[in-house]
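In case you want the letters, here they are:
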Amino acid sequence: MTTRYAVLLRGINVGGARKVPMADLRELLTGLGHGDVGTYLNSGNAVFSSETAGEDGLAAAVEEAIAHRFGFSVDCLVRSGAYLRAVADGCPFPAAELQGKQLHVTFFSGPVGPERFAALDQRAYLPEEFRLGDRVLYLYAPDGLGRSKLAEALNRPAVNKDITGTSRNWNTVLKLAELTAG
């Protein structure tokens, strides 16, 4: 059975470092045997079809191929179209009423529970807020991510210890869900 997936690359093409051209990424994914390969934006979003099951195994194969081809390591998360649709449908904020730059989703490599964020006093960051979902954190930042004090606190190494996370704005989340729809 063929499944549509998105691969989310963490921290590429930012500030001139760790360049991964999207044409090269498409070629790399095709070379791994995936079909219907495409990319979205220049910030490390690709979609593909695969008969291989298992998001973690697919991510490991992409990470290995990137390291071999480009000479540096990149953390990758692979998520199925069904999962991305569930993330979009499960948003705890009124997404339809917000601008895409006000709502972000951080995808994590594994489950995250409230204990990971217990040291954060959420009230101190209002009106910014976050909510947890299945391997995701939804962040409402009314002034955008670049000005968000809560996003800064959520990115501290102590909070992200032993887990990989990568964030996308709401418009990108919706587009990836669309591009991976079965």
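About the criteria used
- Residues numbered from 1 in each chain as written.
- Predicted model: local features only at pLDDT ≥ 70, side-chain atom pairs only at ≥ 80, totals over all residues.
- Heavy atoms only, no water.
- Salt bridge = Lys/Arg side-chain N within 4 Å of Asp/Glu carboxyl O.
- Helix = DSSP H or I, 4+ residues; strand = E, 2+ residues; numbered from the N terminus.
- Buried < 20%, exposed > 50% of the residue type's maximum accessible area, 1.4 Å probe, protein only.
- Lys, Arg positive; Asp, Glu negative; His and termini not counted.
- Polar contact = N/O pair within 3.5 Å; in protein donor to acceptor, adjacent residues only side chain to side chain.
- Contact = heavy atoms within 4.5 Å.
- Pairing = 2+ DSSP bridges.
- Axes fitted to C-alpha atoms, helices over the stretch in contact; angles between N-to-C directions.
- Arc of directions from axis to C-beta.
- Core = buried A, V, L, I, M, F, W, Y, C linked by side-chain atoms within 4.5 Å.
- Parallel < 35°, antiparallel > 145°, perpendicular 65-115°, else oblique.
- Left-handed = near helix turned anticlockwise from the far one by under 90°.
- Nonpolar A, V, L, I, M, F, W, Y, C, P; charged D, E, K, R; others polar.

Attention shifts here to the pattern of salt bridges. Overall, the coordinates contain nine salt bridges when judged by the stated rule. Residues aspartate 89 and arginine 85 are paired through a salt bridge, measuring 3.0 Å at the closest nitrogen-oxygen approach. With a gap of four residues between them, aspartate 89 and arginine 85 both fall in helix 3 (residues 81-89), about one helical turn apart. You can call arginine 85 partly exposed: its relative accessible area is 37%. A salt bridge links aspartate 121 to arginine 123, with the nearest nitrogen and oxygen atoms 3.3 Å apart. Given the relative accessible area of 37%, aspartate 121 is considered partly exposed. Note on arginine 123: relative accessible area 66%, which makes it exposed.

Looking at the element boundaries, arginine 4 is found in strand 1 (residues 3-9). For the buried residue arginine 4, which engages in no salt bridge, the nearest side chain bearing the opposite charge is aspartate 36, 4.4 Å off. In this structure the side chain of arginine 4 is engaged in a polar contact, spanning 3.0 Å, whose partner is the side chain of serine 49. Sequence-distant contacts of arginine 4, defined by excluding residues within four places in its chain, comprise Gly35, Asp36, Val47, Phe48, Ser49, Ser80, Gly81, Leu179, Thr180 and Ala181.

Pairing within the open sheet is antiparallel, and its four strands lie in the order 6-7-5-8. With one partner strand each, in any of the chains shown, strand 6 (129-133) and strand 8 (165-169) form the two edges of the open sheet. Going across the sheet, the axis of each strand differs from the next one's by a mean of 20 degrees, ignoring polarity. Two strands pair when backbone bridges link them, and strand 6 and strand 7 (residues 136-140) are joined in this way by five bridges, in the antiparallel orientation. If you follow glycine 133 over to strand 7, its bridge partner there is valine 136. Across the face of the sheet, helix 5 (residues 170-179) comes into contact with strand 5 (103-108), strand 7 and strand 8 while running at roughly 95 degrees to strand 8.

Time to look at helix 5. All buried positions along helix 5 are accounted for by Trp170, Thr172, Val173, Leu176 and Ala177. One face of helix 5 carries all of its buried residues, which in axial projection span an arc of 160 degrees.

What follows covers the pairing of strand 5. For strand 5, a buried count of six out of six residues is recorded, marking the element as mostly surrounded by other parts of the structure. Because side chains alternate across strand 5, one face comprises the buried residues Leu103, Val105 and Phe107, and the other comprises His104, Thr106 and Phe108, equally buried. In this sheet, strand 7 lies alongside strand 5 in antiparallel orientation, the contact comprising five bridges. Counted as the bridge partner of histidine 104 is leucine 139 from strand 7. Where strand 5 and strand 8 come together, five bridges link them in antiparallel fashion.

Right, let's get into the nonpolar core. The nonpolar side chains of soluble globular proteins are, as a tendency, buried together. Core analysis: the largest hydrophobic core is formed by 21 residues, its most contacted members being Val87, Val105, Phe107, Tyr138 and Trp170. If you look at the next biggest cluster of nonpolar residues, it comprises 20 residues, including Val7, Leu9, Val20 and Cys76.

Take the packing of helix 3 against helix 5 next. Axes are the key here: two packed helices are described by the angle between their axes and the distance separating the axes. Following both chains from N to C, one finds helix 3 and helix 5 inclined at 140 degrees, their axes separated by 8 Å at the closest point. Relative to helix 5, helix 3 is oriented oblique. The handedness of the crossing between helix 3 and helix 5 is left-handed. Contacts between helix 3 and helix 5 involve Leu84, Arg85, Val87 and Ala88 from the first element and Trp170, Val173, Leu174, Leu176 and Ala177 from the second. Looking at the contact of helix 3 with helix 5, its residues break down into eight nonpolar, no polar and one charged.

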